Each structure stands twice: as C-alpha cells, then as structure tokens.
Amino acid sequence: MSSLTSRPPRREPRSILPWVAMPALVVFVGFAVIPLVGVFAMSFTTWDGIGSIHPSGLTSWRAVLTDPGLPHALWITFLVMAASWAVQTPLSILLGTFLAGSQRYRAVLGVVYFIPLLLSSAAIAIAYKALLDPNFGLGHGLGIGFLSQDWLGRPWLAFSLVVFVVSWQFIPFHSLIYQGGVQQIPQSLYEAAQLDGAGRVRQFFSITLPQLKFTIITSSTLMVVGSLTFFDLIFVLTEGGPGDATRVLALDMYKRGFQANLMGPASAIAVILVLVGLALALLLRRLGGRDAGESQLEGA
C-alpha cells in the first residue's frame, strides 16, 4: 500500500493548442499589429510619400482634428454604415432562412445569389456607372424614366446608389452566415411548434429570430466594421461626390495620403478608423450579452 501511495502524480500531456495557434499568431502580428504600430508612429511625422520622414509631433493630428471636413466624413461614414445595415440585415436573414431548406433548387439559387460577392468591387462600380448613365445607360435604352435620372449628380441619389450597390454585393455573404445559423437550430423546436399549431410566420418570429441572436451579432459586427473600409467601390462610382455627399472617411484618408501627399494626416485618419471600428465591435459584443461560444457549449 505504501508503494502505491508514494507514486508521483501523473503528468497531464501538454496541450498542442499553443503550437497550432502559433502560425496564425505570427501572421497576425506580422500583417496586422506591426503595420498598425507603424501607421500610428507615422501619424506623428511629416512625409510626402517620396522624400525623408520628419518627426512633427502632433501637427498631423491637429490638422485632422481641426479640419471641418472630418465631422462630415464621419457623418457620411456612419450614414452609409447604418443604411447598409438596415438594408442588408433583414434581407440576409430572409434569404438565409429560405436557403436553409432542403430542396435542391434552393442550393442552385444559393450559388446564383453568391455570384455578386465573387466580382471585383471596382468592376461592379464601373458596371453600375455605365448602366445608370442618364444619356447612354439602361434607362435611356429601354425608355424607363426612373432609371434615366442623374444618379451620380444629385447628393441623395448618389448616396442611395452607394448603399444599394454595397448591399447588392454583400447580402450573399451574410445570407450564407444566416443559412448556417438556421441549419444549426434543432428541428425539434419546429416540430413542437407545429404540434402547438404555430404557422411558418409564428415559427420565424418565435423560434428562428431568437435562435439567431448571436449570428445577428456576428454578422452585424462584420457588416459594421467592414463598412468603415469602403473605398474602392465608392472611389470608382462617385469619387466622393457630388460635392462631398459620399466622401466617407476611408476615401478621405486616400485623398489626403495619395492625392495631396499628406501621409501624416492620412495615417492619423487610419488610426481613427481603427479606434472607431474597435469601439463598435466592443459595443456590439456588449449588446450581445454572453459570448456565443459559451452559449453553444451550454446547449451542447
């Protein structure tokens, strides 16, 4: 008995998780953390993109924060964010719920719906710009007066067009997320609801939407943070016009850095974009309550 009790404690095998995560951590540090630190440091310098870099303290930050165009660019950025979220979220939920069915034709439609996401944003902008040209576009060719409007010459029309094109491109991606979320809902819940006499509409609002809570938080986070980086589509489609009606913060950063050769202020705007995105992501996470992963573990 004494020999049994004197055995050394059994050592647990070391987890291989840190080694598995190491390549991802190296890539994240190399392509995200280090460039971000570099941009933050550059925001305290003066550089035209060609010559030598000169430290300038808070000069770039003062120039950006005192510029009256910054609040306007922030306002347009948040407007595009809110409007695109309001359009994409309900349509993505409905499409994702529809595509989660088992019929074969729904799988074919899912592939068709996913095509816009495979196209280049610049190519999409060029196509819509040509189609909606008031003189040579689709409206003029078909004789449809509504499509023959000056879409890019009126502020609210241009803004609405940007929101529409952005939603058209990214709804397929978020529909795919919601499709996966709906397929994870236990079928027993729907069977019990059917026994209680609940129709499809009642099942959608009483079962599907509540069960998609964390999926909505995830999709909204990707949607909101991603909207801060809209640049190529807006640059090709409207170039921020007419006037500054569609001049979002990312486009303002590009124009300062690569057109005005003011890399210091452009870097300061980049840091502002990162801070805004981080704040919005944390806010959405807080609104979601408990972590989605913890909820799934409990359900399992």
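A short tour of the structure in this document, coming up. (Residues numbered from 1 in each chain as written. Predicted model: local features only at pLDDT ≥ 70, side-chain atom pairs only at ≥ 80, totals over all residues. Heavy atoms only, no water.)

## What about the side chain of Asp 252?
Here is step 1 of the chain: Assignment of secondary structure puts Asp 252 in helix α14 (residues 249-259).
Here is step 2 of the chain: Excluding residues within four positions of it along the chain, Asp 252 makes contact with Ala 73, Arg 247 and Ile 269. (Helix = DSSP H or I, 4+ residues; strand = E, 2+ residues; numbered from the N terminus. Contact = heavy atoms within 4.5 Å.)

## Structural notes on the packing of aromatic side chains
Here is step 1 of the chain: Counted according to the given criterion, the structure contains 12 aromatic pairs.
Here is step 2 of the chain: On the numbers, 5.5 Å between centres and 85 degrees between planes, the contact of Phe 146 with Trp 151 is edge-to-face.
Here is step 3 of the chain: Residue class for Phe 146 comes out exposed when judged on its relative accessible area of 55%.
Here is step 4 of the chain: Residue Trp 151 is classed as buried on the basis of its relative accessible area of 10%.
Here is step 5 of the chain: Seen from their ring centres, Phe 235 and Tyr 254 are 5.1 Å apart, and the 65 degrees between their planes marks the pair as edge-to-face. Placement of Phe 235 in helix α13 (residues 232-237) and of Tyr 254 in helix α14 is noted, with a sequence separation of 19 residues between them. (Phe/Tyr/Trp six-rings, centres within 6.5 Å; stacked < 30°, edge-to-face > 60°. Buried < 20%, exposed > 50% of the residue type's maximum accessible area, 1.4 Å probe, protein only.)

## So, the side chain of Gln 169
Here is step 1 of the chain: Tracing the backbone through its elements, the reader meets Gln 169 in helix α9 (residues 155-183).
Here is step 2 of the chain: The class for Gln 169 is buried, based on a relative accessible area of 3%.
Here is step 3 of the chain: There is a polar contact of 3.0 Å between the side chain of Gln 169 and the side chain of Ser 121.
Here is step 4 of the chain: Leave out the neighbours within four places in its chain, and Gln 169 touches Pro 116, Leu 117, Leu 119, Ser 121, Ile 124 and Leu 233. (Polar contact = N/O pair within 3.5 Å; in protein donor to acceptor, adjacent residues only side chain to side chain.)

## Overview of the environment of Pro 23
Here is step 1 of the chain: Within the secondary structure, Pro 23 sits in helix α2 (residues 17-42).
Here is step 2 of the chain: The partly exposed category is assigned to Pro 23, whose relative accessible area is 48%.
Here is step 3 of the chain: A C-alpha to C-alpha distance of 40 Å links Pro 23 and Tyr 105, two positions 82 residues apart in sequence.

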